[in-house]
Amino acid sequence: MSSFIAGIYHDIDEREINYELVLVSNIDVVDGITDYASRNSCSYICISTRGAGTIAKIFGTHTAKLISCSTVPVICIPSAYHLKELKHILYASDMTDYENELKEVVDFARPIGASVEMVHIAYPNEFAFDKELAEATLQKKIVIKLAF
């Protein structure tokens, strides 16, 4: 695996970053990832996804389970993604803990100079937030330009 990663860095003409390869044995993939992230105080979990097949859609994917149970942010990268500069982040929120979640997103976006856009999709029978009130409240709490 180390040779494979070194080859990738060589092929893309980039200097290697400091990394560590770890083999974790666990009967459940998601438990193994979350346990490792917790024990090692990881700030983020980054996972690749290929898209779920028919059976996986019925039973759920590792990525979906990880996103739903992780206590640290999960960054999911589609396998067909081609590397480009990260300039704009879409933060989708269910609005149950947006203040804490948005702080994490902003802390991630600020050092790389990315903008953050927050979206909440409401069901027709769900309580609708007042957009102007929510924007004013968030602007007071977060010192970063937010797009609504």
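Residues numbered from 1 in each chain as written. Predicted model: local features only at pLDDT ≥ 70, side-chain atom pairs only at ≥ 80, totals over all residues. Heavy atoms only, no water.

Peer 1: Break down the overall build of the protein for me, with residues and values.
Peer 2: Each helix and strand in the protein was counted, giving six helices and five strands. Classification of the 148 residues of the protein by burial places 19% in the buried group. A separation threshold of at least 6 residues defines the contact pool for the protein, and within that pool the share at least 24 residues apart is 59%. Taken as a whole, the protein presents about 11600 Å² of accessible surface, with 57% of it coming from carbon and sulfur. (Helix = DSSP H or I, 4+ residues; strand = E, 2+ residues; numbered from the N terminus. Buried < 20%, exposed > 50% of the residue type's maximum accessible area, 1.4 Å probe, protein only. Contact = heavy atoms within 4.5 Å. Areas by Shrake-Rupley, 256 points an atom, 1.4 Å probe, with all protein chains shown as cover.)

Peer 1: An account of the nonpolar core is needed here, citing residue identities and associated values.
Peer 2: As a rule of thumb, nonpolar side chains are buried together in soluble globular proteins. Within the largest apolar cluster, twelve residues are counted, these being Ile 89, Tyr 91, Met 95, Tyr 98, Leu 102, Val 105, Val 106, Ala 109, Ala 114, Val 116, Met 118 and Leu 138. Counting only elements with at least two residues in this core, the list comes to strand S3 (88–92), helix H5 (98–109) and strand S4 (115–119). Element by element, the count of residues in this core is highest for H5, at five residues. For Tyr 91, the residues in contact, after removing those within four places along its chain, are Tyr 98, Glu 101, Leu 102, Val 105, Val 116, Glu 117, Met 118 and Val 119. (Core = buried A, V, L, I, M, F, W, Y, C linked by side-chain atoms within 4.5 Å.)

Peer 1: Provide a residue-level description of H5, including the pertinent values.
Peer 2: Here H5 spans 16 Å end to end across twelve residues, near enough to the 16 Å set by a 1.5 Å rise per residue. What H5 keeps buried is the set Tyr 98, Leu 102, Val 105, Val 106 and Ala 109. Buried residues in H5, looked at end-on, bunch into an arc of 100 degrees, giving them a common side. (Expected span 1.5 Å × (residues − 1). Arc of directions from axis to C-beta.)

Peer 1: Go over the layout of surface pockets with me, naming the residues and quoting the values.
Peer 2: In this structure, the largest pocket occupies an estimated 1200 Å³ of space. Lining the largest pocket are 30 residues, with Pro 73, Val 74, Ile 75, Leu 90 and Val 105 positioned closest to its centre. The set of elements that each furnish at least two residues to the lining of the largest pocket consists of strand S2 (74–78), S3 and H5. A per-class count over the lining of the largest pocket returns 18 nonpolar, seven polar and five charged. (1 Å grid on protein atoms, 1.4 Å probe; cavity = no way out; pocket = protein on both sides within 12 Å on 5 of 7 lines; lining within 4 Å. Points joined across faces, edges and corners; volume = space filled by probe spheres on them. Nonpolar A, V, L, I, M, F, W, Y, C, P; charged D, E, K, R; others polar.)

Peer 1: Any details on the pattern of salt bridges? Residues and values, ideally.
Peer 2: Tallied over the entire structure, the rule returns one salt bridge. When the shortest N-O distance is used, the salt bridge between Lys 103 and Asp 107 registers 2.8 Å. Residue Lys 103 and its partner Asp 107 are located together in helix H5, separated by four residues, close to a single helical turn. Given a relative accessible area of 45%, Lys 103 falls into the partly exposed group. The exposure class of Asp 107 is partly exposed, given its relative accessible area of 34%. (Salt bridge = Lys/Arg side-chain N within 4 Å of Asp/Glu carboxyl O.)

Peer 1: I'd love a proper account of the side chain of Ser 70, names of residues and values included.
Peer 2: Within the element layout of this structure, Ser 70 appears in the loop between helix H4 (62–69) and S2. At a separation of 2.6 Å, a polar atom in the side chain of Ser 70 contacts the main-chain carbonyl oxygen of Val 72. (Polar contact = N/O pair within 3.5 Å; in protein donor to acceptor, adjacent residues only side chain to side chain.)

Peer 1: Outline the environment of Glu 20, listing residues and values.
Peer 2: Looking at where Glu 20 falls in the secondary structure, it is placed in the loop between helix H1 (2–11) and helix H2 (29–39). Classification of Glu 20 by relative accessible area gives exposed; the value is 64%.

Peer 1: A description of the environment of Leu 86 should follow, citing residues and the corresponding values.
Peer 2: With respect to the helices, strands and loops of the structure, Leu 86 is situated in the loop between S2 and S3. You can call Leu 86 partly exposed: its relative accessible area is 37%. Between the C-alpha atoms of Leu 86 and Ile 112, which are 26 residues apart in sequence, the distance is 7.6 Å. Discounting residues that sit within four places of it in the chain, Leu 86 has contacts with Phe 108, Ile 112 and Ala 114.

Note that every value here comes from positions in space, so none of it alone points to a role or purpose.
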